[in-house]
Amino acid sequence: MNRYLQLFRIGNCIMGAFGVVLGVLIAVGRDIVDYPVELVLGCITVIFFIMGGNSLNDYLDRDLDKLAHPERPLPSGKIKPQAAKNISIATFIIACAVSVFLGLVPFIITIVAAAVMIAYELKTKKLGLIGNLSIAWLTSALFFLGGAITGHIEVTIPMGLMAFLATLGREIVKDVQDMNADFNRTTLPKQIGKRNASVISSILFVLAVILSFEPYLTGRFGLAYLVVVLVADAIFIYSAVVLHQNPKNGQKFAKYGMFVALIAFLLGGLL
């Protein structure tokens, strides 16, 4: 793979752009065809944003990656550390600059997301719950951005909150799973214990399930959405139960549940 595509984690960039498209689809449904320019600019904003975040991550973790990920561009010598740093700065600036053309609210979302991402890489990812909250917010911000560029951010709030809750729950479960290996992080399980952290994760998954009914109950989405989101809900509930005995399976099935939920919202927007 090209060294720069490897640095940017191009797969993550594509998934981020898909999140924005889904946010627009949730906000305006099949009227998405009326927002071609906004859609393209939104995708460009997110792609450059993720490029910046991944470049910063590799720059800051370059010494750790010599052991953990020696194949990455910096530890392998394919890209110089200063080059990765400069790329990160440039791509963050481009993302924020492009978002200006989308309006005030999308610009604010992008600026706040950039601040959260930079803070996460520099400090908060070692602070446990604050880092978890940061990742959850960055995930939900994709959908908020999709709604904001159409002027209908309020429509994407349930999906964004659902993504926030599910992501936060999954991040906490991952910390439960990695508790013994997290020697340099002050995680929630370390502070309150595995059992209490697992209970909080279960509650977050259940709240996400409850919130998933909002689009159907308000009449915004139809039966196709309800059928598929019920499958996602069943997976989340299973995750909420199994994570107490097996955190690895709990966070794995939560990831599956999030994927199925995305399909549900996609169908809801199209049908």
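The name given to the chain in an unreviewed UniProt entry is Geranylgeranylglycerol-phosphate geranylgeranyltransferase, with the source organism recorded as Candidatus Methanomassiliicoccus intestinalis. According to the UniProt record, the Subcellular location (unreviewed entry) comment for the chain is "Cell membrane".

Participant: What is the right way to read the environment of E154 from this model?
Facilitator: Inspection of the secondary structure assignment puts E154 in helix α8 (residues 153-177). Residues E154 and A90, spaced 64 residues apart in sequence, show a C-alpha to C-alpha distance of 31 Å.

Participant: In this structure, what is going on with the UniProt feature "transmembrane region" (unreviewed entry) in the chain? I would like to understand it.
Facilitator: Residues given the UniProt feature "transmembrane region" (unreviewed entry) here are residues 6-28, 35-56, 87-120, 127-149, 197-217, 223-241 and 253-270. Between the C-alpha atoms that bound residues 6-28 there is a distance of 34 Å. The span itself is 96% helix and 0% strand. Structurally, residues 35-56 is divided into 95% helix and 0% strand, and its ends, taken at the C-alpha atoms, are 32 Å apart.

Participant: What's the story with the packing of aromatic side chains in this structure? I'm lost.
Facilitator: Two numbers describe a pair of aromatic rings. These are the distance of the centres and the angle of the planes. Overall, the coordinates contain seven aromatic pairs when judged by the stated rule. Seen from their ring centres, F205 and F236 are 5.8 Å apart, and the 25° between their planes marks the pair as stacked. Here F236 lies in helix α12 (residues 223-242) and F205 lies in helix α10 (residues 194-211), a separation of 31 residues in the sequence. Exposure remark for F205: the relative accessible area of 0% places this residue in the buried category. We classify F236 as buried; its relative accessible area is 1%. A ring pair is formed by Y238 and F253, whose centres lie 5.0 Å apart and whose planes are at 75°; its orientation type is edge-to-face. Here Y238, found in helix α12, pairs with F253, found in helix α13 (residues 247-270); they are 15 residues apart in sequence, far enough to count as distant. Joined through ring pairs, the aromatic side chains of F221, Y225 and F265 make up one cluster. The ring of Y59 has R62 lying over it, and the distance from NZ or CZ to the ring centre is 4.4 Å.

Participant: It is not clear to me how the side chain of T124 should be interpreted in this structure. Could you clarify?
Facilitator: By secondary structure assignment, the location of T124 is in the loop between α6 (104-122) and α7 (129-148). When residues no more than four places from it in sequence are discounted, the contact partners of T124 are A119, I130, G131 and S134.

Participant: Can you help me understand the side chain of S134 in this one?
Facilitator: In this structure, S134 sits in helix α7. S134 sits in the buried class, given a relative accessible area of 9%. Every residue in contact with S134, bar those within four places of it in the chain, is listed here: V116, Y120 and T124.

Cut-offs applied
- Residues numbered from 1 in each chain as written.
- Predicted model: local features only at pLDDT ≥ 70, side-chain atom pairs only at ≥ 80, totals over all residues.
- Heavy atoms only, no water.
- UniProt positions renumbered as here; feature names shortened; annotations may be inferred.
- Helix = DSSP H or I, 4+ residues; strand = E, 2+ residues; numbered from the N terminus.
- Phe/Tyr/Trp six-rings, centres within 6.5 Å; stacked < 30°, edge-to-face > 60°.
- Buried < 20%, exposed > 50% of the residue type's maximum accessible area, 1.4 Å probe, protein only.
- Lys NZ or Arg CZ within 6 Å of the ring centre and 35° of its normal.
- Contact = heavy atoms within 4.5 Å.

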